[in-house]
Amino acid sequence: MAAPDEKTTSAAPRKTPLAAPTPESKPVPGPELTEEQKTKYSALLDKAKAFTDITCDQEKDKSGPLTDRERAWLTRECLLRYLRATKWSVDESAKRLLSTLAWRREYGLDDFTPEYISPEQESGKQIIAGFDRQGRPCQYLNPGRQNTDASARQIHHLFYMVERVTDVMPPGVEMLSLMINFKPSKHRQNTSVPLGTAREVLHILQNHYPERLGKALIINVPWIVWGFFKLVTPFIDPVTREKLKFNEDMKQYVPPEQLWSADWGGDMDFEYEHGVYWPALNDMCRERREEKLSRWTAAGKEIGESEVYLAGGTDVSVAGRTYEATAVASEANGDVDVDAVQEKLAEAKLDGAVVGGTKAERAAVSAA
């Protein structure tokens, strides 16, 4: 029989984000590229590799050479998302990629800190918790928990959280599920969004986050919000409109054990406590960003690197470098020629068991 404190612990609501989807949640494989699409991707990759400087028209002092962080952002899947969004126009994709890089600099997106965003988050009006049946992270928006007056930081908060969603995407997942609950608050009734703000958000999402929305699941829609959706619908592209689902049984999209019980009909008993959730989310996301950067650096800092490799879904980079082998070289000899180590491994026809063996075994391989 469990001790009383064990019972209390097991019955306590969850207060931290989930780290992974259920084993049954599987990403939907993307379609194979046609020969024409492969050619266009190669052409865009060549253009991206030729990017040297970012020109910021709004804040010219932020113009300058492409940084490592921006090079790492230009992944294979990122380039393909822009190609799909532009109906496979190489020139338009290149133009939009440069526009997004400039926007990210001017907006200061990579410089928003947890401390700066924290006042917007204190009520739990946005929560990243759980994954849908395709392994896409669930980002809950709770307008009824609005705790601040309209400001630029409110919008910064939204895109800060979208960036955190991309941090936790499992290998093979490129999209998110947006979960919006319009249940009103007893304390704050004015949760409407100005039309200008809505248009700004839609513009940013469509131009700088193409192909990122998997589903938008929406519940408790009052009549005034229906009117709002009618106003903004002309600004939403037809593909996005098809992703909107209103007041349905959301368990068909999200496994019950990872679907919030509050209003959503799931089994996940979640309670927002800012002092617990906020550091846990940011620590998890920081660790994943650091791991991706480490893998990107180890594979040669390539533009066009695979997001599957960066997220740990494979240990083979787009250049054919094996992540364990790179780690072996660093562990055994410090600063070692990675290409030379890869060549030795290929010549020896070593399998994963040897590469993943003891430190002494791996050191012997890299020193061979």
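Residues numbered from 1 in each chain as written. Predicted model: local features only at pLDDT ≥ 70, side-chain atom pairs only at ≥ 80, totals over all residues. Heavy atoms only, no water.

Under an unreviewed UniProt entry, the name given to the chain is Inositol polyphosphate 5-phosphatase C9G1.10c, and the organism recorded is Tolypocladium paradoxum.

Colleague: When you look at the overall build of the chain in this model, what are you seeing that I'm missing?
Modeller: Each helix and strand in the chain was counted, giving 16 helices and seven strands. Here the chain holds 368 residues, and the buried ones make up 44% of them. Here the chain displays about 18900 Å² of accessible surface, and carbon together with sulfur accounts for 53% of that area. (Helix = DSSP H or I, 4+ residues; strand = E, 2+ residues; numbered from the N terminus. Buried < 20%, exposed > 50% of the residue type's maximum accessible area, 1.4 Å probe, protein only. Areas by Shrake-Rupley, 256 points an atom, 1.4 Å probe, with all protein chains shown as cover.)

Colleague: For this particular structure, what's the right way to read helix α11 (residues 274-298)?
Modeller: Since there are 3.6 residues in each turn of an α-helix, residues three or four apart along the chain are aligned in direction. In a regular helix each residue adds 1.5 Å, so 25 residues correspond to 36 Å; α11 covers 36 Å between its end C-alpha atoms and thus fits that length. Looking at α11, one finds that the buried residues are His274, Tyr277, Trp278, Leu281, Asn282, Met284, Cys285, Arg295, Trp296 and Ala298. At the exit of α11 stands Gly300, carrying a positive phi of roughly 105°. (Expected span 1.5 Å × (residues − 1).)

Colleague: Would you explain the nonpolar core in this entry?
Modeller: The tendency in soluble globular proteins is for nonpolar side chains to be buried side by side. Core analysis: the biggest nonpolar cluster contains 52 residues, and Tyr107, Ile127, Tyr140, Phe159, Met179, Trp264 and Leu281 have the highest contact counts within it. The set of elements that each furnish at least two residues to this core consists of α5 (90-107), β3 (126-131), β4 (137-141), α7 (152-167), β5 (176-181), α8 (195-208), β6 (213-219) and α11. Here this core takes seven residues from α7, the largest share from any one element. Each of domain 1 (31-111 + 285-318) and domain 2 (114-272) contributes no fewer than three residues to this core. Excluding residues within four positions of it along the chain, Tyr140 makes contact with Lys125, Gln126, Ile127, Ala129, Met179, Gln258, Leu259, Trp260 and Trp264. Listed in part, the 23 residues of the second largest apolar core include Leu33, Leu44, Ile54 and Leu80. (Core = buried A, V, L, I, M, F, W, Y, C linked by side-chain atoms within 4.5 Å. Domains from an automatic or database assignment. Contact = heavy atoms within 4.5 Å.)

Colleague: Would you mind showing me how to read the confidence of the model for the chain here?
Modeller: A low pLDDT score tells you not to read the predicted coordinates there in detail. Residues of the chain with pLDDT of at least 70 account for 80%, and the chain-wide mean is 84. Confidence drops under a pLDDT of 50 for residues 328-338, and excluding neighbours within four residues, the segment shows 18 contacts in the predicted structure. Contacts from residues 344-368, a stretch scored under 50 in pLDDT, to residues over four places away or in other chains number 27 contacts. (pLDDT = per-residue confidence, 0-100.)

Colleague: Explain the pairing of β5 here, please?
Modeller: Along a regular strand, successive side chains alternate from one face of the sheet to the other. Among the six residues in β5, six count as buried, and that is most of the element. The alternating pattern of β5 places Leu176, Leu178 and Ile180 on one face and Ser177, Met179 and Asn181 on the opposite face, and all of these are buried. Here four bridges tie β4 to β5, and the two strands are oriented parallel to one another. Pairing of Leu141 across the sheet is with Ile180, part of β5. (Pairing = 2+ DSSP bridges.)

Colleague: Sorry if this is basic, but what is going on with the packing of aromatic side chains here?
Modeller: Between two aromatic rings, the relevant description is the distance of the centres plus the angle of the planes. Following the criterion strictly, the structure yields 15 aromatic pairs and no others. Measuring from ring centre to ring centre gives 5.7 Å for Phe112 and Tyr116, while their planes differ by 35°; the resulting arrangement is tilted. For Phe112, a relative accessible area of 14% puts it in the buried group. Note on Tyr140 and Trp264: the rings are 5.5 Å apart at their centroids and 75° apart in plane angle, and the pair reads as edge-to-face. One end of the pair, Tyr140, is in strand β4; the other, Trp264, is in the loop between β7 (244-246) and α11, with 124 residues separating them in the sequence. (Phe/Tyr/Trp six-rings, centres within 6.5 Å; stacked < 30°, edge-to-face > 60°.)

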